[in-house]
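Topology and contacts: notes
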Amino acid sequence: MKIFLIGFMGCGKTTLGTKLAAKLTYEFIDLDKVIEARARTTIAGYFEKFGELKFREFERDTLQRFNYPENIIIATGGGAPCFFDNMEWMNKNGKTIYLSLPPKALASRLKNAKEKRPLIKDLDEDGLIRFITTKLEEREPFYKKAQLIIDGIGLTAEKIVEVLHYQNQLK
Ligand code: S3P
């Protein structure tokens with residue numbers, strides 16, 4: 001099974017995804033890392049050189065063409081579900097899980113992790129919370145198309161496994 005973890009920057013897709021993959025003995029990839037390897041530059045570098053629109057095209061191409069193994073957890077970039085038909089594509093090709101966190105929690109996780117993230121790297125504390133609040137509102141309609149929505153507060157990989165078992169999703 002392919003499990004796509006989706007949600008805002010800082011919601012824990014990579015951290016929880018790595019642990020979840022270890023628990024399920026699935027493979028794990030971080031889509032941003034695949035993009036960086038393909039483009040031979042960092043995400044920040046890509047934005048700087050080509051701009052966001054080109055990044056979104058490259059992101060879609062990477063997401064929809066990657067040669068996924070049978071069982072894998074995929075941490076997607078925070079914007080990936082919100083462009084083109086990516087959300088529909090993920091829903092059709094795997095299981096989607098939205099790790100949901102409110103703006104305040106996201107801001108506190110992101111305040112020391114802005115550098116690699118071009119959309120927020122120049123924002124101060126006030127700017128960050130305002131950006132998150134607005135962007136999350138804009139993005140939630142896409143995130144909420146996920147097949148499973150899990151509260152990200154205090155979330156652990158064990159809890160995700162429990163939910164998946166409970167829903168009979170792991171066969
Ligand atoms: C983005 C999120 C980032 C990365 C890029 C754009 C976004 O991924 O894809 O900086 O638009 O929210 P993370 O969610 O892993 O930080």
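It should be noted that the structure appears before, not after, this text.
Spatially, five strands are ordered β2-β3-β1-β4-β5 in an open sheet, and the strand pairing comes out parallel. The outermost strands of the open sheet, each flanked by one partner alone, are β2 (27-30) and β5 (148-151). Shown here is a sheet whose adjacent strand axes are inclined to one another by a mean of 20°, direction ignored. As paired elements, strand β1 (residues 2-6) and strand β3 (residues 72-75) share four bridges and run parallel to each other.

For the rest of this paragraph, the subject is the site of the ligand. Not every one of the 13 residues close to the ligand is listed here, only the nearest: K13, D32, R56, R117 and R139. Contacts to the ligand include D32, whose side-chain N or O atom sits 2.7 Å from an oxygen atom. Between the ligand and R56 there is a distance of 2.6 Å, counted from an oxygen atom to a side-chain nitrogen or oxygen. For the ligand, the protein covers 95% of the area, taking 390 Å² as the surface of the free molecule. More than half of the atoms of the ligand fall within 2 Å of the grid points belonging to the largest pocket. Residue composition of the shell around the ligand, by class: five nonpolar, three polar and five charged.

Okay, the packing of aromatic side chains next. A full pass over the atoms with the stated rule returns nine aromatic pairs. An angle of 55° between the planes, with centres 4.7 Å apart, marks the rings of Y46 and F50 as tilted. Placement of the pair is Y46 and F50 together in helix α3 (residues 43-65), with a separation of four residues, close to one helical turn. Considering the side-chain rings of Y68 and W89, the 6.3 Å spacing of their centres and the 40° angle between planes classify their relative orientation as tilted. In this pair, Y68 sits in the loop between α3 and β3 while W89 sits in helix α4 (residues 86-93), placing the two residues 21 residues apart along the sequence. Each of the two residues, Y68 as well as W89, counts as buried. Here the aromatic cluster, defined as three or more aromatic residues joined through ring pairs, consists of Y46, F47, F50, F55 and F58. The positively charged end of R38 is found above the aromatic ring belonging to F58, 4.6 Å away from the centroid. Sitting over the face of the ring of F84, R60 holds its NZ or CZ atom 3.9 Å from the ring centroid.

This paragraph deals with the layout of surface pockets. When its volume is computed, the largest pocket comes out at roughly 610 Å³. If you list the elements that add at least two residues to the lining of the largest pocket, you get α1 (13-24), α2 (31-39) and α3. The element that contributes the greatest number of residues to the lining of the largest pocket is α3, accounting for six residues. Among the residues forming the lining of the largest pocket, the class breakdown is 10 nonpolar, nine polar and 11 charged.

Our focus in this paragraph is α3. Within an α-helix, residues lying three or four positions from one another point in the same direction, as the helix has 3.6 residues per turn. Here α3 spans only 19 Å end to end across 23 residues, well under the 33 Å set by a 1.5 Å rise per residue. Taken residue by residue, α3 has I43, A44, G45, Y46, F47, F55, R56, F58, E59, T62 and L63 as its buried positions. Tucked inside the fold, the buried residues of α3 contact β1, α2, α4 and α6 (125-143).

Time to look at the pattern of salt bridges. With the rule as written, the count across this model stands at 11 salt bridges. For R65, the salt bridge is made with D61, and the minimal N-O distance between the two is 2.6 Å. Taken together, the positions of R65 and D61, both in helix α3 and four residues apart, correspond to about one turn of that helix. The class of R65 is exposed, set by a relative accessible area of 64%. Of the charged contacts, one joins D122 and K121 as a salt bridge, the two residues approaching to 3.6 Å between their closest N and O atoms. Salt bridges here are not isolated pairs; linked through shared partners, they connect R38, D61 and R65.

How each quantity is defined
Residues numbered from 1 in each chain as written. Predicted model: local features only at pLDDT ≥ 70, side-chain atom pairs only at ≥ 80, totals over all residues. Heavy atoms only, no water. Pairing = 2+ DSSP bridges. Helix = DSSP H or I, 4+ residues; strand = E, 2+ residues; numbered from the N terminus. Axes fitted to C-alpha atoms, helices over the stretch in contact; angles between N-to-C directions. Near = heavy atom within 4 Å. Polar contact = N/O pair within 3.5 Å; in protein donor to acceptor, adjacent residues only side chain to side chain. Areas by Shrake-Rupley, 256 points an atom, 1.4 Å probe, with all protein chains shown as cover. 1 Å grid on protein atoms, 1.4 Å probe; cavity = no way out; pocket = protein on both sides within 12 Å on 5 of 7 lines; lining within 4 Å. Sits in = over half its atoms within 2 Å of the grid points. Nonpolar A, V, L, I, M, F, W, Y, C, P; charged D, E, K, R; others polar. Phe/Tyr/Trp six-rings, centres within 6.5 Å; stacked < 30°, edge-to-face > 60°. Buried < 20%, exposed > 50% of the residue type's maximum accessible area, 1.4 Å probe, protein only. Lys NZ or Arg CZ within 6 Å of the ring centre and 35° of its normal. Points joined across faces, edges and corners; volume = space filled by probe spheres on them. Expected span 1.5 Å × (residues − 1). Contact = heavy atoms within 4.5 Å. Salt bridge = Lys/Arg side-chain N within 4 Å of Asp/Glu carboxyl O.

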